[in-house]
Amino acid sequence: MTTAYTSLLGFALPVTGELSGTWGDVVNDSITQLVEDSVAGYATTSVASGDWTLTTTGSGAANQARMAILRPTGTPGTARSILAPNSSKAYIIDNQSDSSVTIKGVTGPTTGVTVAAGKQALVAWNGSDFVQVGASAGGSNTQVQYNSSGALAGSANLTFDGTTLTAAGFSGPLN
């Protein structure tokens with residue numbers, strides 16, 4: 001029998017007795033290294049000239065889709081997409097390009113998650129699309145964040161610029 005591979009990440013599944021004298025190479029190259037890539041590895045590609053379709057060379061070979069961290073770079077000057085396999089996987093997107101990138105499924109109509117230039121996001125496939133994991137801050141960068149029925153929000157009526165706290169329409173004592 002020949003080595004089989006897992007369906008999601010393409011790790012080797014050696015058959016008992018199959019790799020006599022060579023199993024160490026398969027374990028090191030097609031299991032151990034690939035596990036490390038999927039937990040802590042990263043792929044970097046410039047998106048200056050177009051969208052990034054992740055490589056998916058399965059069967060124990062290295063590929064971009066297995067990596068834990070995706071780092072788009074470059075100066076496209078326009079929004080780009082990262083096209084990932086439509087399967088169970090989480091990614092950290094570290095957008096080092098000058099434009100927003102949207103990670104979405106490589107097939108089908110998915111809207112995905114948009115990550116602004118210079119920002120990071122943890123995203124995961126939920127069975128039909130990529131979604132952001134964790135809370136997103138509400139409001140703008142000078143608005144004080146607060147909990148609004150379980151979601152982060154911000155208000156232009158309450159701002160802080162690092163020195164001055166401004167509360168529009170404030171009523172009540174300051175002490």
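In case you missed it, the structure is sitting above this.
Residues numbered from 1 in each chain as written. Predicted model: local features only at pLDDT ≥ 70, side-chain atom pairs only at ≥ 80, totals over all residues. Heavy atoms only, no water.

1. Points about the overall build of the protein
Here is step 1: Scanning the protein for helices and strands turns up one helix and 14 strands.
Here is step 2: Relative to the 2.2 N^0.38 estimate, which gives 16 Å for 175 residues, the radius of gyration of the protein is 22 Å and therefore markedly larger than a compact globule would have.
Here is step 3: Taking the principal axes of the C-alpha coordinates as reference, the protein spans close to 80 × 40 × 30 Å.
Here is step 4: Considering only residue pairs separated by 6 or more positions, the protein has 38% of its internal contacts joining residues 24 or more positions apart.
Here is step 5: A total accessible area of about 10100 Å² is found for the protein, and carbon and sulfur atoms account for 54% of it.
Here is step 6: Both charge centroids of the protein, one from 6 positive and one from 10 negative side chains, sit 8 Å from each other. (Helix = DSSP H or I, 4+ residues; strand = E, 2+ residues; numbered from the N terminus. Rg over C-alpha atoms; globule rule 2.2 N^0.38 Å. Contact = heavy atoms within 4.5 Å. Areas by Shrake-Rupley, 256 points an atom, 1.4 Å probe, with all protein chains shown as cover. Lys, Arg positive; Asp, Glu negative; His and termini not counted. Charge placed at Lys NZ, Arg CZ, Asp CG, Glu CD.)

2. A few points about the side chain of Ser30
Here is step 1: Mapped onto the secondary structure, Ser30 falls in helix 1 (residues 23–40).
Here is step 2: What Ser30 contacts, discounting residues up to four positions off in sequence, is Phe11, Ala12, Asp25 and Gly60.

3. Observations concerning the environment of Asn86
Here is step 1: Mapped onto the secondary structure, Asn86 falls in the loop between strand 6 (80–84) and strand 7 (90–94).
Here is step 2: Spatially, the C-alpha atoms of Asn86 and Ser148 are 33 Å apart, while their sequence positions differ by 62 residues.
Here is step 3: Other than its neighbours up to four places away in sequence, Asn86 contacts Gly105, Val106, Thr107, Thr110 and Trp125.
Here is step 4: Engagement of the side chain of Asn86 in a polar contact is seen with the backbone nitrogen of Val106, the distance being 2.9 Å. (Polar contact = N/O pair within 3.5 Å; in protein donor to acceptor, adjacent residues only side chain to side chain.)

4. Considerations on helix 1
Here is step 1: Taking 1.5 Å as the rise per residue, helix 1 with 18 residues should run 26 Å; its terminal C-alpha atoms sit 24 Å apart, in good agreement.
Here is step 2: Its maximal kink placed at Gln33, helix 1 deviates by approximately 25°.
Here is step 3: Those residues of helix 1 that sit buried are Val26, Ser30, Leu34, Asp37 and Ser38.
Here is step 4: Against the buried residues of helix 1 lie strand 2 (12–13). (Expected span 1.5 Å × (residues − 1). Bend = angle between axes of the 7 residues up to and from the residue. Buried < 20%, exposed > 50% of the residue type's maximum accessible area, 1.4 Å probe, protein only.)

5. Things to note about the sheet that holds strand 8 (residues 101–105)
Here is step 1: What the four strands build is an open sheet, ordered 4-6-8-9; its pairing is mixed. Strand pairing shows two members of the sheet lacking a second neighbour, strand 4 (52–53) and strand 9 (113–115), which therefore form its edges. (Pairing = 2+ DSSP bridges.)

6. A look at the packing of aromatic side chains
Here is step 1: Following the criterion strictly, the structure yields two aromatic pairs and no others.
Here is step 2: Here the aromatic rings of Tyr91 and Phe130 are separated by 6.0 Å at their centres, their planes lie at 45°, and the arrangement is tilted. Separated by 39 residues along the polypeptide, Tyr91 in strand 7 and Phe130 in strand 11 (residues 130–132) bring together distant segments of the chain.
Here is step 3: Consider the rings of Trp125 and Phe130, whose centres lie 5.1 Å apart with planes at 70°: the pair is edge-to-face. One exposure class covers both Trp125 and Phe130, and it is buried.
Here is step 4: Feature note: the residues Tyr91, Trp125 and Phe130 constitute an aromatic cluster, connected by ring pairs.
Here is step 5: Across from the ring centre of Tyr42, 4.5 Å away, lies the NZ or CZ of Arg71, which sits over that ring.
Here is step 6: Directly above the aromatic system of Tyr91 lies the positively charged group of Lys89, at a separation of 5.0 Å from the ring centroid. (Phe/Tyr/Trp six-rings, centres within 6.5 Å; stacked < 30°, edge-to-face > 60°. Lys NZ or Arg CZ within 6 Å of the ring centre and 35° of its normal.)

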